[in-house]
Every structure is written in structure tokens, then in C-alpha cells.
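So the chains spell out like this:
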Amino acid sequence: MGDNTFVIGHKNPDTDSICAAISYARLKQKQGEKHVVAARAGDINPHTEFVLDYFGATPPTLIADIAPSITQAMTKNVLSCHLNTSLKDLIQMMEERNIRLVPVVDDNGQYHGLVSLFEIAHEFRSEADPNTARVGYTSINSLHKTLGGELLYGHNSDEFFEGFFLVGAMREPSFRKVLSGYDPKKCIVIAGDRDNIQMAAIENGVRGLIVTGGHPVSPEVAEMSTKHGVSLLSSPYDTAATVGLVRLSTPVHRVVQNHDGHLMVDESLEGAQAKLLKAYNRGMAVLDSDMKLSGIITRSDLLQSSNTRLILVDHNEISQSVDGANKAEIVEVIDHHRLGNPQTMQPILFINQPVGSTCTLIAKFYFERQVDLDRETAGLLISGIISDTIHLKSPTATPLDKEMLDNLNKVVGLDIDDYAGKLLTAGVSLVGREPKQIILNDFKYYTEGKVSFGVGQTEMVGFSEFNKIKPRIIEQLVQIRADRGYNFIALLATDISASNSLLIFDGTPTLCRQLGYPILEPNVAELKGVLSRKKQLLPHMLNVFRDM
């Protein structure tokens, strides 16, 4: 999501919400705010589809969850190393990049664990006397690469083995006595320019011989090493330095750990935080579905605040907003509903005016700020006003709504009555639509005191089609209420041709008895003259539920 600011309406967005988001984002862009993007928190309903098609507008970006994700917080393109990378190369990489934690992968990019400076230090926790045996795990090729000298003869050079490093810094008899206490095939002998020690090591069939100090190797020693199958290396370093370096030829897979497991890219950041705070290391690897490395996230990454910014339009309650809105920075609110606004860390632009449509307020901004208004944007604003005020018939309509509608149409030049008729009847047919879709298409959730409730609204021309599916609507309301744990749920079915509504509902017996509307049949009330959920139904329900 980057550094964008998203202009977004409520869940299950209606035409006013979608048109407001598009139009306000365009206003911001025209005022020089290039990273403002229109978004939506749900699917587009048939009314809005008609509007967007009519004016050739592109739907806003769908964002189901705005909460910061692991992929936003993690470091991508991280340094990783192969299982067979030597500790010397790993330490060098860590020093060059100034990092303390490196993921380890195999030839196929599969993740195997993390290696940290602590694991490396642990590998070297027991330093032995240079004249005694030292256990190590390496290969001849790894020794060659680590020491940087010459590989004069190699035998099974790629094979890793666990063995002993013996320093031949003694007289030959003493050396032979020390060597007799080990399996020669597991020994790497480190010696300077002592031909007798070198020959003794080869004659005993050691795994390898390292000649230190850059000293030349005699032809006899070279010939004997080949004959006995003893790998022969030359180190440019003195014996003391060579002893230290051979330990660094150990491959990473010898020390890699997977104490904490890993995280997956689709995990929530909140869940990742809980795991990371308990982790052995200060960071964890993040893997994709193929178990390949996508990035790494550390505890310090969790301290960075979300850079996702939201401008809320047509709502101000977090319960109605896109999932994760409480984790984002809300920078503006443009609305015309009751106040239930979220807390913010600093003062923001908050405009809440009792008009019939959010698009009315945004149209007013265009005219007041003298921002160029193209035909498409004006058409979207007209559509939001018509839809939310039912072409100014709703009790929510105000003189400002009519004024903005008239001013906008000077740009568009519509036969406004004809267009309003087409818009309001677009998609009102219930044929082929599932009850759950009808209920949730324009659905809002509220709380009042201890009561949680949700109310959907659908519009139609006459109730004949609706009456046929009413029993299925009631069944679905009961199911949704049970699934979501609401105290009460309802669908306001509005006949826009007669300016009347039916309220189909389900709830606790006490709440249902207190509704106060004429009951036509079980779970069905008659609401004559009611068109607006916001101005007519909701205030009544809030009053009823307030003291429950």
C-alpha cells in the first residue's frame, strides 16, 4: 500500500459512498496530492454499477482489510546464505551489511533456519590449546576456500566430515604418539616446514595435511600424499592464524537453528507480533506458500507505526469502516451521519453536516475551491445525491442538496428526472438475488448501550416480488443474527414508488416488543412514509434501545 492515502467509504458501500470516494480522491489529486487513491471496502451494488457504466468511470480499488500486513513491515530482498557457506564467508557478509541475523536456504531456495552471531559465538565457545586436538566439521574444498592457499591434491574434496585438527608443533616421536590416539582418517594435520612431521602424517593415512606459512612442499611429500590418498593443502598463513581459520571453514548448516519456526506471508501482523515477542531471536523469517524466503521481520520493525492513511467518507464509525481501520492513521472524515467517530492521535479535518448526501458536501468543496469539474466527476456527484436522497424525496434532503444538484447539472446537462428514474430503478429487481445478498448489500452495524444490532436496506418498486421471498429473508436474518451474535437485526425494504417501507426483523423478545411499529405479521412491521434508514428508522431504534 506504500505511502498512499485511501479515500474509502463504509462496508457494503452504496452509490453515495462510492461516488464520494472517487470524487474526493480526484479533488485531492487536482489540488496536488498525488498519492491519494479512491478505494472501496466491499462489492458494488447494482445502482452503482449503473452509474459507473453510464459515466464510464472505473470502480475504486477493493480493499478488504487495511490492517498493516507482515509484507508491509518486513524487510524484503534480505541477505541469505547457502547451507554450505563457510562461517568465514558468512561473518564477512554480516560485517559488510552490518546485520546480525541471516536466513539459510538450500539449492532450491527452501528455508532451513536462521544463523545469528550468537550461534557463531557458540560454535567457538571452547577454544583449545593449539597443540591439542580440536574437533571440527568441514570439507577439503571448504578448507581450501577459507585459507585461500593452494590445493595441491584433493581426495573426496566435496565431502563434509567431522574430525580432529592436530597441530604438529612437536618432535616426530611425540607427534606419532599423539596421532596414535585418533582415527587418522578423521584427522587434519596442521604443520609448518617440518618434512618429518608431514611424512609421518601421510604415512599414517590422515584425512588431510595443511602446510602453513606458505612454505613450499617437497616433491617427496607431494608424491606420498597422492599415493596414500591424503589431501594436501598449502596455507599462506602461519600456524597460529591457520588454526583459527580452519574453524571458520565450518559450513553454516552446522550451526543453523530453527528455534522459533517461521512466519507465513499471509499471517496477520498482530499474530506475528505475539510470536516475535516470545522468539529466541530478535527476528523471524517470513516464507511464502512454497516455503521459500520472502523476507525477515524483527522486533524493531514492529515499533514502526503504520504509514497507511485513511480519509473516511460517508461514515465515521470504526464498526462500519474497512477491517483494520483502527490500525491505520485516519487523517480526514467527510460525513453526514450520526457521530460515533474514532479517536485520533492528532487534530484532523472532520466535516459532518446534516445533508442528504456526502456527495453534496464534496460538490460544495469543488465549487468553493474553484477546482475544475469534469463531466464524469459531476455525473458521479449527481448520482450520489439522487441515490441517497431518492431524488430529493427523502426527509434527509436539504436545500443544499438541491442547490448542488442544480449546479452540477449545469456541467453535465442531463434530463435530471429521466436520469433519476433510470438510476433509482436500476437493479431493484429481486429476481435471481439470494436473501443474504439482499440483506447485506447495504448493511450497517451499530451499538447502543449494551445492544448490538445491524440494519440493511433494499429498494424496490412495489412489494409483489419481495413478498414471495419474505419467508426466506426472515430465515436468513435469524441465521445472520446467530452467526454474528447480534441482539437485533432488520432489513428495511423500501418501496420508492409509494414512499413506504416494511421492516423485516429478528431479535430478542424484549427488543422486538419495544419497536413501536404496527406489526403486520410475525417478524414484519409496517413503516408508512419511511424512506430513510439514517433519519427516520435509526433515531427511533436508538431511542428504543438506549435504556435496554
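Here the structure is a predicted model, which is why all the values come from computation and not from measurement. (Residues numbered from 1 in each chain as written. Predicted model: local features only at pLDDT ≥ 70, side-chain atom pairs only at ≥ 80, totals over all residues. Heavy atoms only, no water.)

1. Points about a negative patch on the surface
Which entries qualify depends on this criterion: Grouping into patches uses exposed residues only, defined as over 30% relative accessible area, and leaves out salt-bridged ones; the cut-off is 9 Å for like charges and 5 Å for nonpolar side chains (Val, Leu, Ile, Met, Phe, Trp, Tyr). Residue exposure ignores everything except the shown protein chains as possible cover, and the areas themselves are Shrake-Rupley values with a 1.4 Å probe. Salt bridge criterion: a side-chain nitrogen from Lys or Arg within 4 Å of a carboxyl oxygen from Asp or Glu. For the charge count, each Lys or Arg is scored as positive and each Asp or Glu as negative, with His and the chain ends excluded. Every charge is mapped to an atom, namely NZ of Lys, CZ of Arg, CG of Asp or CD of Glu. A run of DSSP states H or I qualifies as a helix once it reaches four residues; a run of E qualifies as a strand once it reaches two. Both are numbered from the N-terminal end.
Taken together, the side chains of Asp193, Asp195, Glu220 and Glu223 make up a negatively charged region of the molecular surface. Checked against the element boundaries, Glu223 lands in helix α9 (residues 219–228).

2. Re the packing of helix α1 (residues 15–30) against helix α2 (residues 46–55)
For the record, the criterion: Working convention: axes come from line fits to C-alpha atoms, limited for helices to the stretch in contact. Angles between N-to-C directions cover 0 to 180 degrees. The contact rule is simple, with two residues in contact once any of their heavy atoms fall within 4.5 Å. Classification convention: Asp, Glu, Lys, Arg as charged; Ala, Val, Leu, Ile, Met, Phe, Trp, Tyr, Cys, Pro as nonpolar; all other residues, Gly among them, as polar.
Where α1 contacts α2, the two axes come as close as 9 Å, and the packing angle between them is 40°. Of the residues in α2, those in contact with Thr15, Ile18, Cys19 and Ile22 of α1 are His47, Thr48, Val51 and Leu52. When the residues that make up the contact of α1 with α2 are grouped by side-chain class, the tally is 5 nonpolar, 3 polar and no charged.

3. Considerations on the sheet that holds strand β15 (residues 283–287)
Spelled out, the test is: When DSSP locates at least two bridges between a pair of strands, those strands are taken to pair.
In spatial order, the strands read β4-β16-β15-β14; together these 4 strands make up an open sheet with mixed pairing. Whereas interior strands pair on both sides, the edge strands pair on one side only; in this sheet they are β4 (75–76) and β14 (263–264). Summarising the sheet, β14 and β15 pair through 2 bridges and their orientation is parallel. Following the sheet pairing, Met264 is matched in β15 by Leu287.

4. Here we look at the pairing of β15
Under the convention used in this document: Any residue under 20% of the maximum accessible area for its type is buried, any over 50% is exposed, and the rest in between are partly exposed; the area is computed with a 1.4 Å probe on protein chains only. Crossover handedness is defined here as right-handed if the route from the first strand over the helix to the second strand goes clockwise, with the strands pointing away from the viewer.
Burial of β15 is extensive: 5 of the 5 residues sit out of reach of the surface. Along β15, one buried face is formed by Gly283, Ala285 and Leu287 and the opposite face, lined by Met284 and Val286, is buried too. What joins β14 to β15 is helix α11 (residues 269–277), and the crossover it makes is right-handed. Relative to strand β16 (residues 293–298), β15 runs antiparallel, the two being bridged by 5 bridges. By the bridge assignment, Leu287 is partnered in β16 with Leu293. Hairpin geometry of β15 and β16 is characterised by an intervening segment of 5 residues between the two adjacent antiparallel strands and by a positive phi of about 65° at Met291.

5. Describing empty space enclosed by the protein
Convention followed: Here the term cavity refers to a set of points on a 1 Å grid, laid over the protein atoms alone, in which a 1.4 Å probe fits but cannot get out; the term pocket refers to an open set having protein on both sides within 12 Å along at least five of seven lines, with lining residues being those that place an atom within 4 Å of a point. Grid points are joined across faces, edges and corners, and a volume is the space filled by probe spheres set on the points.
For the structure shown, the criterion picks out 2 cavities of 30 Å³ or more. Taken as a whole, the largest cavity encloses approximately 440 Å³ of empty space. Asp14, Asp388, Asp442, Gln457 and Glu459 are the residues nearest the centre of the largest cavity, which is lined by 28 residues in total. Ranked by the residues each element gives to the lining of the largest cavity, the list is headed by strand β21 (residues 451–460), at 3 residues. Its volume calculated, the second largest cavity comes out at about 50 Å³. If you list the elements that add at least two residues to the lining of the second largest cavity, you get β7 (111–116) and β15. The residue makeup of the lining of the second largest cavity, split by class, is 3 nonpolar, 6 polar and 1 charged.

6. As for the side chain of Lys534
This is how it is decided: Within 3.5 Å is the distance limit for a polar contact, defined as a pair of N or O atoms, with the added protein rule that one can donate a hydrogen and the other accept it, and that residues adjacent in sequence qualify only through two side-chain atoms.
Turning to its location among the elements, Lys534 is positioned in helix α20 (residues 533–545). Of the polar contacts made by the side chain of Lys534, one reaches the side chain of His336; its length is 2.5 Å. Apart from the residues lying within four places of it in its own chain, the contact partners of Lys534 are His336, His337, Val355, Gly356, Thr396 and Pro539.

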